[in-house]
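A look at the structure
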Amino acid sequence: MKRLGILLSGRGSNFEAIANNVASGRLEAEIAAVISNRPEAPGLQIARERGLPAVVMPSKGVAREDYDRSVVAELTKRGVDLICLAGFMRLLSADFCRAFPMRILNIHPSLLPAFPGLDAQKQALEHGVKISGCTVHFVDELLDAGPIVLQAAVLVLDQDTVDSLSARILAEEHRIYSEAIRIVLSGRWRIEGRRVVAG
Ligand code: GAR
């Protein structure tokens, strides 16, 4: 069974959706660790309630390279095959990315390369796009930039607020993250340039 390492900083709804799919057998994998840089992250509590290993690794006041080195050590110790960033609000160092090449996924609430960084849904509304969505991509050392595994489009409605748009995007996030994990764990893909293609 392939082992997932989940990194989160907050609510943890994407983690919860993944955990539900693992528990029901729709996603063949096990969750080896749920690591948070924020001790108060609700996602950690969800992990504890489910009996999953919840690991608090506070990042406050720790130099990035030192912090990332300790997280890499923890993930390695737990024999993680694939790392899933699920609302982990930190940029990974080059050393972290190099430790797990093509083995780190992230979910982002926009159709990348549009609206990288913070508050993607607000950026989309303010720009006035008619379609937004979400993206699961491999992580490299640049922000929200690695090869794209899956995307889902969401219509932006005239009456949308940041909250209403975020909620519809989040429903798609919950659907495509597990699907992307399934694809990546299957090993039936390759990278051509920036493209993730089947085969
Ligand atoms: C999600 O919308 C995720 O796409 C976003 O944070 C939220 C976390 O929610 N991630 C980013 O913006 C990364 N740049 P969750 O904690 O309920 O999964």
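Residues numbered from 1 in each chain as written. Predicted model: local features only at pLDDT ≥ 70, side-chain atom pairs only at ≥ 80, totals over all residues. Heavy atoms only, no water.

Section: the pattern of salt bridges
The full count for this structure, using the stated rule, is 10 salt bridges. K77 is the salt-bridge partner of E74, the closest N and O atoms lying 3.5 Å from each other. With a gap of 3 residues between them, E74 and K77 both fall in helix α3 (residues 64-77), about one helical turn apart. Judged by its relative accessible area of 12%, E74 falls in the buried class. Across the pair R175 and E172 runs a salt bridge whose closest N-O atoms are separated by 2.6 Å. With R175 and E172 both in helix α6 (residues 162-186) and 3 residues apart, the pair spans about one turn of that helix. (Salt bridge = Lys/Arg side-chain N within 4 Å of Asp/Glu carboxyl O. Helix = DSSP H or I, 4+ residues; strand = E, 2+ residues; numbered from the N terminus. Buried < 20%, exposed > 50% of the residue type's maximum accessible area, 1.4 Å probe, protein only.)

Remarks on the pairing of strand β8 (residues 189-192)
Sheet analysis places β8 next to strand β9 (residues 195-198), joined by 4 bridges and oriented antiparallel. When the sheet's bridge partners are listed, I191 is paired in β9 with V196. Counting the residues that bridge the hairpin from β8 to β9 gives 2 residues, and of these G193 lies at a positive phi of roughly 65°. (Pairing = 2+ DSSP bridges.)

As for the site of the ligand
Close to the ligand lie R11, G12, S13, N14, G87, M89, I107, H108, P109, D144 and E173. Residue H108 places a side-chain N or O atom 3.1 Å away from a nitrogen atom belonging to the ligand. E173 places a polar side-chain atom, nitrogen or oxygen, 2.7 Å from an oxygen atom of the ligand. Relative to its free-state accessible area of 450 Å², the ligand is covered by the protein chains to the extent of 89%. Broken down by secondary-structure element, the contributors of at least two residues to the shell around the ligand are α1 (13-24) and β5 (104-108). Among the residues making up the shell around the ligand, the classes are represented as 3 nonpolar, 5 polar and 3 charged. (Near = heavy atom within 4 Å. Polar contact = N/O pair within 3.5 Å; in protein donor to acceptor, adjacent residues only side chain to side chain. Areas by Shrake-Rupley, 256 points an atom, 1.4 Å probe, with all protein chains shown as cover. Nonpolar A, V, L, I, M, F, W, Y, C, P; charged D, E, K, R; others polar.)

Description of the pairing of β5
Successive residues of a regular strand alternate their side chains across the two faces of the sheet. Counting buried residues in β5 gives 5 out of 5 residues, a clear majority hidden from the surface. Pairing geometry for strand β4 (residues 82-85) and β5, over 3 bridges, is parallel. Of the residues in β5, the one forming a bridge with L85 is N106. On the question of chirality, the crossover connecting β4 to the parallel β5 by way of helix α4 (residues 94-99) is right-handed. (Right-handed = clockwise from strand over helix to strand, strands pointing away.)

Remarks on α3
Each α-helix turn comprises 3.6 residues. Residues three or four places apart therefore point the same way. The end-to-end C-alpha distance of α3 is 20 Å, a good match for the 20 Å that 14 residues give at a rise of 1.5 Å each. Inspection of α3 places Y67, D68, V71, V72, E74 and L75 among the buried residues, and these make up the whole buried set. With its buried residues spanning 160° around the axis, α3 presents them on a single face. Turned more than 90 degrees off the buried face of α3, the exposed positions are R69, T76 and K77. Its buried side turned inward, α3 meets β1 (3-8), β2 (30-36), β3 (54-56), β4 and α4. Following α3 by one or two positions, G79 has its phi on the positive side, about 65°. (Expected span 1.5 Å × (residues − 1). Arc of directions from axis to C-beta. Contact = heavy atoms within 4.5 Å.)

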